[in-house]
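Read off the chains here:
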Amino acid sequence: MLGWVTEDREYAAPQINLMLEKEVDALIVASNGSCFSTYAQRFLRRSKPVVFCNAVPAENCSSVRTDDVLGGRLAVEAMVRYGHKKLLCCQRFQPRWEGNTLAAQQYNVELSGFETYQDALEKFRRDLGITGIVAHSDEEASLILQLLREMGYSEKRDFSIIGYNDMSIASH
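Asker: I'd like to hear about the packing of aromatic side chains, residue by residue, with values.
Answerer: Taken as a whole and judged by the stated rule, the model has two aromatic pairs. Ring plane angle 80° and centroid distance 4.9 Å describe the contact between Phe124 and Tyr153, whose orientation is recorded as edge-to-face. Linking Phe124 in helix α5 (residues 117–126) with Tyr153 in the loop between α6 (138–150) and β7 (160–162), this pair joins segments that are 29 residues apart in sequence. Centre to centre, the rings of Phe124 and Phe159 are 5.5 Å apart; their planes meet at 75°, and the pair counts as edge-to-face. Here Phe124, found in helix α5, pairs with Phe159, found in the loop between α6 and β7; they are 35 residues apart in sequence, far enough to count as distant. The exposure classification of Phe124 matches that of Phe159, with both residues buried. Positioned above the aromatic ring of Tyr164 is the side chain of Arg96, whose terminal nitrogen or guanidinium carbon lies 3.8 Å from the ring centre.

Quick look at the structure:
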């Protein structure tokens, strides 16, 4: 059984009760909502595992989290492997930016940050030395790629770009 509930206790309670009534095997929570800690304990009392994804886990629950600092490092390292020395990276998400910065220092790569795709386009256009772009997401990477193509740039000749999330939009 798959359920989706908001963090509104009035709406969540009947959904959680239904899951317990139907004897679901486990609860996976992708929220930091405080009400889920109470619900998690109800599952645990029935020996049902509870896993929090990218959220602070309730007591006695497991959690799975992404390591965005490592993700930022790996993106810069990939660019370095392909010979890039001057990168433009999204700095909106602090943990990834931290990883970008750590790797840039380690590999002696020049790093500039951008906040929005418009900012990225302007900085790329102004600074001819930038050859690599690390976007916040695959969607942002796809948009920047499309707009740079429209401006006459080629990803084969002028730049490389990396996104995050491994979405189908990034496969082409």
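After that view, the rundown keeps rolling.
Asker: I'd like to hear about unusual backbone geometry, residue by residue, with values.
Answerer: With phi around 55°, Glu23 is a residue other than glycine that occupies positive phi space. Considering the arrangement of structural elements, one finds Glu23 in the loop between α1 (9–21) and β1 (27–29). Under the relative-accessibility criterion, Glu23 is labelled partly exposed at 48%. The phi torsion at Asn108 lies on the positive side, around 55°, for a residue other than glycine. Note on placement: Asn108 falls in the loop between α4 (94–106) and β5 (110–114). Overall, Asn108 belongs to the exposed group, its relative accessible area being 68%.

Asker: Which residues make up the sheet that holds β1, and what values go with them?
Answerer: Taken in spatial order, the three strands make up an open sheet running β1-β2-β3, and their pairing is parallel. The open sheet has two edge strands, β1 and β3 (62–64), and neither has a second partner. Strand-to-strand, the axes of this sheet are offset by a mean angle of 25°, without reference to chain direction. Sheet analysis places β1 next to strand β2 (residues 50–53), joined by three bridges and oriented parallel. The residue bridging Leu27 from the neighbouring strand is Val50, located in β2.

Asker: Outline the packing of α5 against α6, supporting the account with residue identities and numerical values.
Answerer: Close contact between α5 and α6 brings their axes to 10 Å; oriented N to C, the two are set at 45°. Classified by the angle between their axes, α5 and α6 sit oblique to one another. In terms of crossing hand, the pair formed by α5 and α6 is right-handed. For the pair α5 and α6, the contacting residues are Tyr117, Ala120, Leu121 and Phe124 in the first and Glu140, Leu143, Ile144, Leu147 and Leu148 in the second. For the contact of α5 with α6, the per-class residue count stands at eight nonpolar, no polar and one charged.

Asker: Explain the side chain of His84 residue by residue, including any values.
Answerer: Inspection of the secondary structure puts His84 in the loop between α3 (68–81) and β4 (86–90). For His84, a relative accessible area of 9% corresponds to the buried category. A polar atom in the side chain of His84 sits 2.6 Å from the side chain of Thr131. Among the polar contacts made by the side chain of His84, one reaches the side chain of Ser160 at a distance of 3.0 Å. Not counting chain neighbours up to four residues away, the residues in contact with His84 comprise Met79, Val109, Thr131, Gly132 and Ser160.

What counts as what
Counting starts from 1 at the beginning of each chain's written sequence and moves along it residue by residue. In keeping with the model being predicted, local features are shown solely for residues with a pLDDT of at least 70 and side-chain atom pairs are shown and tallied solely at 80 or more, while totals for entire chains, interfaces and linings include all residues. Hydrogens are left out, water is left out, and the side-chain values use all remaining heavy atoms of the structure. Two rings from Phe, Tyr or Trp (for Trp, the six-membered ring) form a pair when their centres are within 6.5 Å of each other. A pair whose planes differ by under 30 degrees is stacked, one over 60 is edge-to-face, and the rest are tilted. Numbering goes from the N terminus for both helices and strands, where a helix is a DSSP run of H or I of at least four residues and a strand is a run of E of at least two. The rule is simple: take the accessible area with a 1.4 Å probe, protein chains only, and divide by the maximum for that residue type; under 20% is buried, over 50% is exposed, in between is partly exposed. We call a charge positioned over a ring when the NZ of a Lys or the CZ of an Arg lies within 6 Å of the ring centre and within 35 degrees of the ring normal. DSSP calls a pair of strands paired once it identifies at least 2 bridges connecting them. Geometry is summarised by axes, namely lines fitted to C-alpha atoms with helices restricted to the contacting stretch, and by angles between N-to-C directions that run from 0 to 180 degrees. Each angle is binned into one of four classes, with values under 35 degrees roughly parallel, values over 145 roughly antiparallel, values of 65 to 115 roughly perpendicular, and all other values oblique. For any helix crossing, the convention is left-handed if the near helix is rotated counterclockwise from the far helix by under a right angle, and right-handed if that rotation is clockwise. Between two residues, a contact is recorded if the distance between any of their heavy atoms is within 4.5 Å. When residues are grouped by polarity, Ala, Val, Leu, Ile, Met, Phe, Trp, Tyr, Cys and Pro land in nonpolar, Asp, Glu, Lys and Arg in charged, and all others, Gly among them, in polar. Under this definition, polar contacts are N or O atom pairs within 3.5 Å; protein pairs additionally need one hydrogen-donor-capable and one acceptor-capable atom, and for neighbouring residues in sequence, both atoms have to be side-chain atoms.

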